[in-house]
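The primary structure of each chain is shown beneath.
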Amino acid sequence: MTPVLAICISVLLHVSWNLLTRRTPSEANFLWWIVGLYVMIFAPFTLMEFLHHASQSPVLYLCVIISGTTNGLYFLALRAAYHQAPASAVYPMVRSSPLLIAIVETTIFGHSFPLISWAAILLAAVGLWLIATSSHDGISRLSKAWPYALFAATMTVIYSLGDKVAASNMDGISSAMGYVCVNFSISWIFLCLEQKWRTQRWIPTKTPTTIALSIGTVGVGTAYALVIFAMRWLPAAYAVTLTNAGIVFTVLLGVLWLKEKVGWRKRAIGSSFVVAGLIAIGLNS
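Residues numbered from 1 in each chain as written. Predicted model: local features only at pLDDT ≥ 70, side-chain atom pairs only at ≥ 80, totals over all residues. Heavy atoms only, no water.

### Focus: unusual backbone geometry
Note on backbone geometry: most residues besides glycine have negative phi, and most peptide bonds are trans. What counts is decided by this rule: Exposure is judged per residue with a 1.4 Å probe applied to protein chains only, and the accessible area is read against the type maximum: over 50% gives exposed, under 20% gives buried, and values in between give partly exposed.
One non-glycine residue, N29, lies in positive phi territory at about 50 degrees. For N29, a relative accessible area of 1% puts it in the buried group.

Structure below.
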């Protein structure tokens, strides 16, 4: 499997579970269910492969602890931001993190990006901000959500760079899925604590539909593992930028399927910027 193909499959899976999240009642805590179920179902088949690589490269243990912790904090920050502003405004803002990732990769890891790549990453980030501010209601409510969104973006930078280091020490999609299982086990602890703090219950009061759970469980971790698999060959900033194609699909489906018509012109322009940036990144990968 090529890195680009892995990213494409990841985008489709990511879009599927994200749309289901938006269609599931908040009291069902969809993310709590699918993250926990992913670990329960896939760990027995993939964990040993990851542990085999970790025994040869102990840095993987450090990577998965850092990534799992920051992923858990990312989930909490994202949920907090969603309470202040619509997901359609918050999520594109958070996903503009590749610009920060590229800066860190350059200053700390010594990676050199060509000028065209910087321009493409910046163009995609501008497009995401246009999407995020496409609704007047979204703009006003983003003033309350931006601290949580900025924190979530920072966590994205940290766990993405940790995943990049991990990817260079693993080989194959199975080990990447085992890495995600350990990662999600740590993150799920954060989700459980947040669930208990918010509702005084460890288990959500509602259960999503069987179809939603099936698609979400397969999609949430497999999409993540495919990105980590692609990072073995791609810089983290490239891999995360390319996955933002999912936001473009989500915008289109939101307009066509969920009938989200407000600010659609600005979202269309922003999506065009993102697509242009993705094409430039793809040609230079």
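### A closer look at helix α4 (residues 87-94)
Our working rule: The secondary structure listing takes helices from DSSP runs of H or I that are at least 4 residues long and strands from runs of E that are at least 2 residues long, numbered from the N terminus.
Burial within α4 is extensive, with six of its eight residues counted as buried. Among all positions of α4, only A89, V90, Y91, P92, M93 and V94 are buried.

### Some points on the nonpolar core
Selection criterion: For the purposes of this section, nonpolar cores are sets of buried Ala, Val, Leu, Ile, Met, Phe, Trp, Tyr and Cys residues that join through side-chain atoms within 4.5 Å. Here, residues are in contact when the closest pair of their heavy atoms is within 4.5 Å.
Membership of the largest hydrophobic core comes to 86 residues, with the highest contact counts inside it found for Y74, Y179 and F184. At twelve residues, the largest contribution of residues to this core is made by helix α2 (residues 30-56). Once residues within four sequence positions are removed from consideration, Y74 is found in contact with Y91, V94, A152, M155, T156 and Y159.

### Notes on the side chain of T217
What counts here: What qualifies as a polar contact is a pair of N or O atoms within 3.5 Å, subject to a donor-acceptor requirement within protein and to the restriction that residues adjacent in sequence count only when both atoms come from side chains.
Tracing the sequence through the fold places T217 in helix α9 (residues 210-230). Only 2.6 Å separates the side chain of T217 from the backbone oxygen of L213, close enough to count as a polar contact. Not counting residues within four places of it along the chain, the set of residues in contact with T217 comprises I34, L37, Y38, I41 and F42.

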